[in-house]
Amino acid sequence: FHSRTGNTACIADAVAEGARGVRFTEVDVRRLDDLAPEATIAGVPGWGESRAKLAQQYTTLESFERLADYDAIVLGAPTRYGVMSAELKNLLDATGPLWNRGALVDKVGSAFSGTAT
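So, here's what we can say about the structure. Note that the structure is a prediction, hence the values are computed from the model and not measured.

Basis of the calculations
Residues numbered from 1 in each chain as written. Predicted model: local features only at pLDDT ≥ 70, side-chain atom pairs only at ≥ 80, totals over all residues. Heavy atoms only, no water. Salt bridge = Lys/Arg side-chain N within 4 Å of Asp/Glu carboxyl O. Helix = DSSP H or I, 4+ residues; strand = E, 2+ residues; numbered from the N terminus. Buried < 20%, exposed > 50% of the residue type's maximum accessible area, 1.4 Å probe, protein only. Phe/Tyr/Trp six-rings, centres within 6.5 Å; stacked < 30°, edge-to-face > 60°. Lys NZ or Arg CZ within 6 Å of the ring centre and 35° of its normal. Arc of directions from axis to C-beta. Contact = heavy atoms within 4.5 Å. Core = buried A, V, L, I, M, F, W, Y, C linked by side-chain atoms within 4.5 Å. Pairing = 2+ DSSP bridges.

### Some remarks on the pattern of salt bridges
Okay, step 1: Per the counting criterion, the structure on display carries twelve salt bridges.
Okay, step 2: Here Arg66 and Asp69 are joined by a salt bridge, their closest N and O atoms 3.0 Å apart.
Okay, step 3: Lys89 serves as the salt-bridge partner of Asp93, at 2.9 Å between the closest nitrogen and oxygen. Here Asp93 and its partner Lys89 are both found in helix H4 (residues 86–94), four residues apart, which amounts to about one turn of the helix.
Okay, step 4: Accessibility expressed as a relative area gives 41% for Lys89, which makes it partly exposed.
Okay, step 5: Salt bridges linked by common partners bring Asp28, Arg30, Glu62, Arg66 and Asp69 together as one network.

### What to know about the packing of aromatic side chains
Okay, step 1: According to the stated counting rule, one finds one aromatic pair in the structure shown.
Okay, step 2: Seen in terms of ring centroids, Phe1 and Tyr58 are 4.9 Å apart; in terms of plane orientation they differ by 80 degrees. Their pairing is edge-to-face. Remark: Tyr58 occurs in the loop between helix H3 (47–57) and strand E2 (59–60) and Phe1 occurs in the segment before helix H1 (7–20); sequence separation between them is 57 residues.
Okay, step 3: Take Phe1: its relative accessible area is 9%, and that puts it in the buried class.
Okay, step 4: The positively charged end of Arg4 is found above the aromatic ring belonging to Trp47, 3.6 Å away from the centroid.

### Thoughts on H3
Okay, step 1: Of all the residues in H3, the buried ones are Trp47, Ser50, Arg51 and Leu54. Looking straight down H3, one finds its buried side chains confined to an arc of 100 degrees; they lie on one side. The outward face of H3, more than 90 degrees from its buried face, is lined by the exposed residues Glu49, Lys53 and Gln56.
Okay, step 2: Residues of H3 that are buried in the fold lie against H1, strand E1 (30–31) and helix H2 (38–42).

### Some points on the nonpolar core
Okay, step 1: Ranked by size, the top nonpolar core spans twelve residues in total: Leu32, Leu61, Leu67, Tyr70, Ile73, Leu75, Ala77, Leu88, Leu91, Leu98, Ala103 and Leu104.
Okay, step 2: At the level of secondary structure, the elements contributing two or more residues to this core comprise strand E3 (72–80) and H4.
Okay, step 3: Those residues within four positions of Tyr70 in sequence are excluded, and the remaining contacts are Asp28, Arg30 and Lys107.

### Here's the deal with the pairing of E3
Okay, step 1: Relative to strand E5 (residues 108–114), E3 runs parallel, the two being bridged by seven bridges. If you follow Gly76 over to E5, its bridge partner there is Phe112.
Okay, step 2: As judged from the two bridges shared by E3 and strand E4 (residues 83–84), these two strands associate in the antiparallel manner. Opposite Thr79, over in E4, you have Met84 as the bridge partner.
Okay, step 3: Between E3 and E4, which pair antiparallel one after the other, the connecting turn spans two residues, and Tyr81 there sits at a positive phi close to 55 degrees.

Treat this as a map of the structure, not an account of what it does.
As structure tokens, this is what we get:
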């Protein structure tokens, strides 16, 4: 998931809680880090603090390659101007090599989003 303020992280936690209720299921919740430059993050009140808190609470996804290790993938991001966040789009755009070698075939997939508008 990607979350700037923690709202999408709360949804991710709820999804993970539900998934953990399925017998024999292991759940690994990973966050996507912000793509914005440090100077931009520092210039927005509260963004840096929220980012640091999320980084302490959740492991950051190391690489798009990690997606090949999962049996199911649930993606989450806030909606910005009617589309997913750039961070999630960036992740999906990077998965071309996984698609090419069939590493995402036969996986369960789902997505969630939230918006303040």
